[in-house]
Each structure stands twice: as C-alpha cells, then as structure tokens.
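Letter by letter, the chains look like this.
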Amino acid sequence: MYFLGIDLGSSSIKLSVVDAEKGKAIAAVSVPEFEMDIHAPQFGWAEQDPNLWWQYVKNGIQLLSSQQGIDLKKIEGIGIAYQMHGLVLTDAALNPVRSSIIWCDSRAAAIGNSIYDEMGHDFCQQQILGSPGNFTASKLKWVQTHQPEVFEKAVYMMLPGDFIAAKLSGKAQISTSGLSEAALWNFSKGRLATEVLQAMGLPDALIPEIVPNFGHQATIDPSVASELGLNPTAKITYRAGDQPNNALSLNVLRPGEVATTAGTSAVVYAVSNQDIYDKENRINTFLHVNNTEAQKNNGVMLCINGSGILYQWLRKVMSVDRDTLIAYERLNAEAAKVKAGSEGLRFYPFGNGVERIFNNKKATSGIQNLNFNIHQPSDLVRSACEGIVFAMNYGFDVMKAVGASGDVVRAGKANLFLSPVFREIFVNTTQTTLELYNTSGAEGAARGAAYGFGFYDSLEQAFEGLQCLERTEPSKSASDQYQEIYQEWKNNINTEI
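Residues numbered from 1 in each chain as written. Predicted model: local features only at pLDDT ≥ 70, side-chain atom pairs only at ≥ 80, totals over all residues. Heavy atoms only, no water.

Caption draft 1: Quick peek at the environment of Glu209. Summarising the element assignment, Glu209 is placed in strand β12 (residues 209–211). Sequence separation between Glu209 and Ser175 is 34 residues; the distance between their C-alpha atoms is 8.3 Å. (Helix = DSSP H or I, 4+ residues; strand = E, 2+ residues; numbered from the N terminus.)

Caption draft 2: A look at the packing of helix α11 (residues 308–317) against helix α12 (residues 328–336). Contact pair α11 / α12: the axes reach a minimum separation of 10 Å and the direction vectors enclose 95 degrees. The pairing of α11 with α12 is recorded here as roughly perpendicular in orientation. Residues Tyr311, Gln312 and Arg315 of α11 form the contact with α12, whose own contacting residues are Tyr328, Leu331 and Asn332. Considering only residue class, the contact of α11 with α12 consists of three nonpolar, two polar and one charged. (Axes fitted to C-alpha atoms, helices over the stretch in contact; angles between N-to-C directions. Parallel < 35°, antiparallel > 145°, perpendicular 65-115°, else oblique. Contact = heavy atoms within 4.5 Å. Nonpolar A, V, L, I, M, F, W, Y, C, P; charged D, E, K, R; others polar.)

Caption draft 3: How the structure looks around the pattern of salt bridges. Within this structure, the stated rule accounts for 25 salt bridges. One salt bridge in this structure joins Arg382 and Glu424, with 3.5 Å as the shortest N-O distance. With Arg382 in helix α13 (residues 377–401) and Glu424 in helix α14 (residues 420–430), this residue pair connects regions lying 42 residues apart in the sequence. Judged by relative accessible area, which is 5%, Arg382 ranks as buried. With relative accessibility at 28%, the residue Glu424 sits in the partly exposed group. Between Asp480 and Lys476 there is a salt bridge, and its shortest N-O distance comes to 2.9 Å. Within this pair, Asp480 and its partner Lys476 are both found in helix α17 (residues 476–491), separated by four residues, close to a single helical turn. Salt bridges here are not isolated pairs; linked through shared partners, they connect Arg254, Glu257, Arg410, Glu435, Glu460, Arg471 and Glu473. (Salt bridge = Lys/Arg side-chain N within 4 Å of Asp/Glu carboxyl O. Buried < 20%, exposed > 50% of the residue type's maximum accessible area, 1.4 Å probe, protein only.)

Caption draft 4: Seen up close, a nonpolar patch on the surface. Among the surface-exposed residues, Ile367, Leu370 and Phe372 lie close enough to one another that they form a single nonpolar patch of about 340 Å² accessible area. Structurally, the position occupied by Phe372 is in the loop between β21 (366–368) and α13. You can call Phe372 exposed: its relative accessible area is 74%. (Patch = residues over 30% accessible without salt bridge, like charges linked within 9 Å, V, L, I, M, F, W, Y side chains within 5 Å. Areas by Shrake-Rupley, 256 points an atom, 1.4 Å probe, with all protein chains shown as cover.)

Caption draft 5: Focus on the sheet that holds strand β16 (residues 266–272). Spatially, seven strands are ordered β17-β18-β16-β15-β22-β23-β24 in an open sheet, and the strand pairing comes out mixed. Edge positions in the sheet fall to β17 (284–287) and β24 (468–472), since each of these pairs with one other strand and no more. Averaged over all neighbouring strand pairs, the angle between strand axes comes to 25 degrees, with direction disregarded. Pairing between strand β15 (residues 258–262) and β16: five bridges, direction antiparallel. (Pairing = 2+ DSSP bridges.)

Caption draft 6: The environment of Glu280, seen in detail. With respect to the element layout, Glu280 can be found in the loop between β16 and β17. For the pair Glu280 and Ala218, spaced 62 residues apart in sequence, the C-alpha to C-alpha distance is 39 Å.

Given below as structure tokens:
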C-alpha cells in the first residue's frame, strides 16, 4: 500500500510516496523547477496564488508517475503539510476570491495587537495562549476591513493545506491544529475560539468543517481522481502545518523533544504537555499533531523569518548572471573558508516581515562593521550563517525561560543544515546536541497519512525505520567563543515600534 505526502512550502512543493509495507520512501519529486515567487504589492505584504499551488501539485503527481514510475492507483491515503498561518478565501465552488496572504505578510499585525488590547492580555494568554498578532484571524479581519467587496464573495476561509485538500476532495475543511495556528483555538475549553471571531466582528459561518489531524477526513473527488489517474477510493487522512509536520517527520512527539528546520524561515519547535505562553508573545504555542483530549501535546515554536530566504538572496547577489546562479554548495564552501566571528562582520537577518521574537516589532536588518579593505564575499556568507543561528538562539533563550526546551535537537539533513559550518555554529551557540535524519516534510506527511489511514497502529510504529545519520555535539572551547560573539551581536540589535 502506497501513501502520498505533499509538502506545500513558499519556495517549492515537495511530494513523496511511502511504501508502508516496506516502511520506506520509494519516490520523491519537487515542483516547480524554479523557486516560487512571493509577490509584494506593497512594502510588508506577501502573497501567492493558490491556483498555482494546485497546478504545481497536479504537476508533481503526474511526475511521480511519468518520471518515478509510481502506480498512482496504489495510493490509498494522502497527507498534506503546508506553510502555516496563510489565509485562503474561496467561494462556494472552492475557487479563490483573492491571492493568499501568506505567513510572512505583516499587514495585519496592528489589527491583531488592537484586538489583543481590546480582549485583554490576560484573557488572550489564558484562552488562546498569546495574541492574535499577525496570524490568520487578523489577516481575515484585514480583508473584511480593507476589501469588503472581496470579503462578501468569500464562503470559506482555509489555510493553504486545507485549500489543496479541498481541491483534491471537493470538501472545505480545517483541522483543530490549523485553527490553533490561526489564533482561533480556545485551549482552555478545547474548541473554536468564538471569542476571537466575535471581538473581530467575523462570522463563524466562514469556518469550514473542523476535522482532527489524523483520520478519514475526505475521499478524493471522482473527477480529480480521473484527471490525475489516482485511486478513486483514496482518502485524505492527515494534514498539518509545516512545522508540526516537520516535528512529526523527525519523530518529535513527546514532551521535552525538540525539532528544528532552516528553510525559508528558521524554526525551533519543542513539544510540551503544558499550555505554555510568553507574556511578550515572542514565541507561540499550537496544538501538536498528536494532541488528544486524553493526552495534551502542544508545540511551542519560535520563528525567524529570514533564514533560507537570506541564503537565497545571497545566492542572487553573488551571482554575476541571474540566469546561472551559483550553487548553494558553493556558498557553504565559501563559509567554510572563514573562521568563527567572520572577521568582525555581523549580519542581522530581519528582512522578511515583522519578527515574532520582537513581539511583531520591526527589527533593523543589515550588515554591521563592513570594511571594504578586509571583508570578502566568504566573510559575508559566514556572517549570514552566524546571524541566522544567533537569531534562533535569541528565541531559544525565551523558550528555555518558559520551560520549553531540550538538550538534543533533531533536524532533517536539508536546507541550511546541509552546511557543516551552519551545523557547527548551531550546536556551539545553542549548546545543544544536533541529530540529523534523512527525512523530509513530504515523507513525514506520507507516514502521517499511513497512520491516519489505519495502516500503522501507532505513530511510533510509523517511524520505526527512522535512523539518525549523524550526531554533532558542542565543544566547550567553541561554545565559549560563540557565546562571546553572540552577546556582542545581541547587544547591537535595534528594534522599532
């Protein structure tokens, strides 16, 4: 029996097929060939076209058949992971009424802060474990306020992965953890946070059917199955935001376990059985994928917006010809030429929207101490890697303070964690042990789909074949050196309201 995992990112969409009987991935593709654009109609805005996502998903499914030789009829269940916090509004026929306002869009932060003040900080922290901030509910309110003619056309609000599930099945749905990502879950009462909707003046009729993360959520629409060559009885059996799903992919399911990733954004995600919140809203808590009424499991997350997108920017800046960009491996090699501290060069990677670790304040981005007679391109690359890790560590300190951390962190061997230099900076700055695994979000979504389908009796069984590729531990001398550099970097952060 085959299970398909779809991982909808902001740069690309990855698909993986797992043979559940063998317990391993047998095919993987990534679409499109180029990195997807993020459109910014105004400063601080970020949008993507949901119809393009859907077209790329269809293209990816076809590539699994034509390039990888997968018999699509053998796919019994589908799992979907997706970029968190995005807003997709559709009409009754599940057609988008506007572009998706995605995770790194900053336009709704003021709305969330206003509702936070109106509802009361203590109430919000106790009920939704933080502020509505710049999350999906606030983006929905922005559309109602600034584009009323568009809002009137909307029948359903969904997150990006829910939209893909809806196009596959013809059914609009949203998961419980998805509602928590949208600042629309009442943790104390275990239900939709109608209080937030009421405070914002938003109709609860826009919320589609609520489903759990795992289970037989919907069956593939017959016309879609026919068009794509899928099994007409295949079911959608799992969905989750990309960071909870990344933790699932790494078998991070129990309190005290920690996952990290450094894709477009950088994230540290720790599992806790407590309703943890930070009074300054620098970190956020969501329902983890394996949360149940009987066993509480939350995901406590810090996010740095500028991570892989910074590396992507460096790649463009350092390439003479935009049509022939230098490889990321070349950037990694350049960073390795430079010793710790980057010859005094300091990079502040805050150039992709307001940052949660600064309570949605704008942080001054850029490069400090640049000397044209000393610094080379390799220093710039190394300082960017250090800046990304330092920003992650800034948030990691907050997580430790509220009781959500661990001494061992797991990551997939992908994106920035492919770089030995980045890994060395990470373990010695955070003073944690890093374990790398050969897995991906798409593969994790496929395993999640197999569990949701009922093929596996437990999530532990679904990940029995997961093996650690390598383990990197900090050294005292390097940790001491990085702590000194980090403190200097931290002391020069500048934020503005």
